[in-house]
Amino acid sequence: KLSINFEGVKQGIKEGNVQELPENMGKSVFVKALNEKGKEKSTRYKSNTGANFCTDTGECYIGLKTIGNAFNAVGNIMSLSADFSYFYKILSENKGYLILEEPASNKLYLKIPQQEKALYLGNSNDDKLEKNFNEYIKCNLNFTDFDLKTVDGLKTLIEKHQTTCK
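Sequence order as written defines residue numbering, which begins from 1 separately in each chain. The model is predicted, so local features are restricted to residues of pLDDT at least 70 and side-chain atom pairs to those at 80 or more, both for listing and for counting; the totals for chains, interfaces and linings are taken over all residues. With hydrogens and water set aside, each side-chain value is computed from the structure's full complement of heavy atoms.

Q: Explanation requested: the pairing of strand β5 (residues 60–67) in the structure shown.
A: In summary, the side chains of a regular strand alternate between the two faces of the sheet. Relative to β5, strand β4 (residues 52–54) is paired through three bridges, and the arrangement is antiparallel. Across the sheet, residue N52 finds its bridge partner in β5, namely I62. Paired strands, in this sense, are two strands between which DSSP finds at least two bridges. Helix and strand assignments follow DSSP, with helices taken as H or I runs no shorter than four residues and strands as E runs no shorter than two, numbered in order from the N terminus. Between β4 and the antiparallel strand that follows it, β5, lie five residues; G58 among them carries a positive phi value of about 95°. Pairing of β5 with strand β9 (residues 118–120), which is carried by two bridges, proceeds in the parallel orientation. The residue bridging T66 from the neighbouring strand is A118, located in β9.

Structure below.
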């Protein structure tokens, strides 16, 4: 069994089954399995270890740190958490390039193989997004040539990055 919470939900959940601490949301996945003696054992995997997992429905998630999302950083500071990682849903994977989604908010992120962190793409401030994009990509690509708010636009960016940037 897998267990992870991306947002606070009490409906239909037994008391004591889930800790509803904001700093834990989307940061840990618990795997329950039977050990050799037939007893249930729970193992916790944290997002800051780069762990990944898939559900029975075929959805896969990866734990990563990100850049460009000041709101998440503020949320971590408010909860006194120094861990700026989270589990993100993998929407597309191509030769180490990942298009990711934050499950609780549907915000998009891009992860390229040359970077350890993923880039947040939901900035409403285009100047800030362009600055983050150029620093992250480290290649001569024009930010305005791509629709960074859609999966198809990100796939186009990935294709261009694979052929233009090394």
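Q: How should I be thinking about the state of the cysteines in this particular structure?
A: Disulfides are covalent bonds that connect the sulfur atoms of two cysteines. The disulfide criterion is simple: two cysteine sulfur atoms within 2.5 Å. Tallying each qualifying case throughout the model produces two disulfides. Linked covalently through their sulfurs, C139 and C165 form a disulfide whose S-S length is 1.8 Å. Across the S-S bond of C139 and C165 the torsion is about -85°, and the bridge reads as left-handed. Taken together, the residues C139 in the loop between α2 (126–137) and α3 (151–164) and C165 in the segment after α3 connect sequence positions 26 residues apart. We call a residue buried when its accessible area falls under 20% of the maximum for its residue type, exposed when it is over 50%, and partly exposed in between, using a 1.4 Å probe and counting protein chains only. C165 gets classed as buried once you look at its relative accessible area, which sits at 6%.

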